[in-house]
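Residue-level structure breakdown
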Amino acid sequence: MAARSHASRGVRNHYVLIVFDSCRYDSFVSARPRTISKLGKVEQRWSYASWTAPSHFNLLMGLMPHTSPRNVYASEYYKKDFFKFNERLGAGGIEFRSFVPRLNLPVLLRNLGYRTSAMVSLPVLNPATMLNSGFDSYRLMPKHNDMRAMVRQMHFPEDQPSFHLLNVGETHYPYALPDEPEDQWPRISGVHGVFKHLDEAIVGGKLRRGRTKMFDQRKLAKLRDRQIEAVKYLDAVVEEFFDLVPKNTYVTITSDHGELFGEEGYFGHGPIQHEKVLEVPFVEGKIR
Ligand SMILES: [Zn+2]
């Protein structure tokens, strides 16, 4: 019934875009997420930006993290990436021109009959920002690190295809799971005070001289382990999500940027020029 109704609008799939905020590619791979890997091959890709806001802007244009192909013009690559939405939506005839002039994925999806919804964890993406365009519903979650709460609030109407953007914060500094008391979160001097205001713009940056000594390196390694643990935890939440979504749902799981854990004196993301801040995991496929 639902599938027929979607087909009448030229699309067959619900589409869910899940962004593990700050999740570095190698953290993702180290976690060996068994459930997520069922979607398809986990690719190493590159984010267009080194922090949350521009990266989500890019994703909401419909451009996924790129593969850094050689000997190809950017315009050709973009065309191919936009064309991929035919597979994601189970549709035909979607191309770069379909996105013009708004270049806005939720607007395109709404024009195709989708209900569009976003649940975001990081306040830098809050509903008052320009990213909230083309959404029927756009919410900043009360906790920055609770994907399970999002999953429980997702709704897939039977008579309408739906699009969901989930910005997931468990993988973001301080890589805390929802049941971990805040007073047990790790603290990096100079970062935690900033985090209290959740102002991502200045979370990243170069550690001051003297802070990269042995003790801090060990602490940074621990932080990386916490990000890996967060991915393992999220894999179980994704399993719950897979259990409740309709069969005709296409899912993309990726990250908005990577993270530095002390390499060459950098921590976090944002004003950083380093390949690890751009490396992200990318996996997608249809729920079977
Ligand atoms: Zn981010």
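A quick note: this is a predicted structure, and the numbers were derived from the prediction, not measured. (Residues numbered from 1 in each chain as written. Predicted model: local features only at pLDDT ≥ 70, side-chain atom pairs only at ≥ 80, totals over all residues. Heavy atoms only, no water.)

1. Structural notes on the confidence of the model for the protein
Across the protein, the average pLDDT comes to 89, with 87% of residues at or above 70. Confidence over residues 1–5 falls short of pLDDT 50; this stretch has 2 contacts with residues more than four positions distant or in other chains. Counting contacts from residues 193–204, a segment whose pLDDT is below 50, to residues more than four positions away or on other chains yields 27 contacts. (pLDDT = per-residue confidence, 0-100. Contact = heavy atoms within 4.5 Å.)

2. As for the side chain of Thr116
Structurally, Thr116 can be placed in strand E3 (residues 115–120). In this structure Thr116 comes out as buried when scored by relative accessible area, which is 0%. Within the structure, Thr116 has its side chain in polar contact with the backbone oxygen of Gly134 (distance 2.8 Å). For Thr116, the contacting residues outside a window of four places in its chain are Pro106, Leu109, Arg110, Gly134, Phe135, Asp136, Ser137 and Phe163. (Helix = DSSP H or I, 4+ residues; strand = E, 2+ residues; numbered from the N terminus. Buried < 20%, exposed > 50% of the residue type's maximum accessible area, 1.4 Å probe, protein only. Polar contact = N/O pair within 3.5 Å; in protein donor to acceptor, adjacent residues only side chain to side chain.)

3. As for the coordination of the zinc ion
Binding of the zinc ion to the protein goes through Asp21 (OD), Asp21 (OD), Thr52 (OG1), Asp256 (OD) and His257 (NE2), at separations of 2.0 to 2.8 Å. Counting along the primary sequence, the residues that act as donors to the zinc ion give the motif D-x30-T-x203-D-H. In this pair, Asp21 is assigned in the loop between strand E1 (14–20) and helix H2 (25–30) and Thr52 in helix H4 (residues 52–60), connecting sequence segments 31 residues apart. Like Asp21, the residue Thr52 is buried in the burial classification. (Donors = N, O, S within 2.8 Å, 3.2 Å for Na, K, Ca; no water.)

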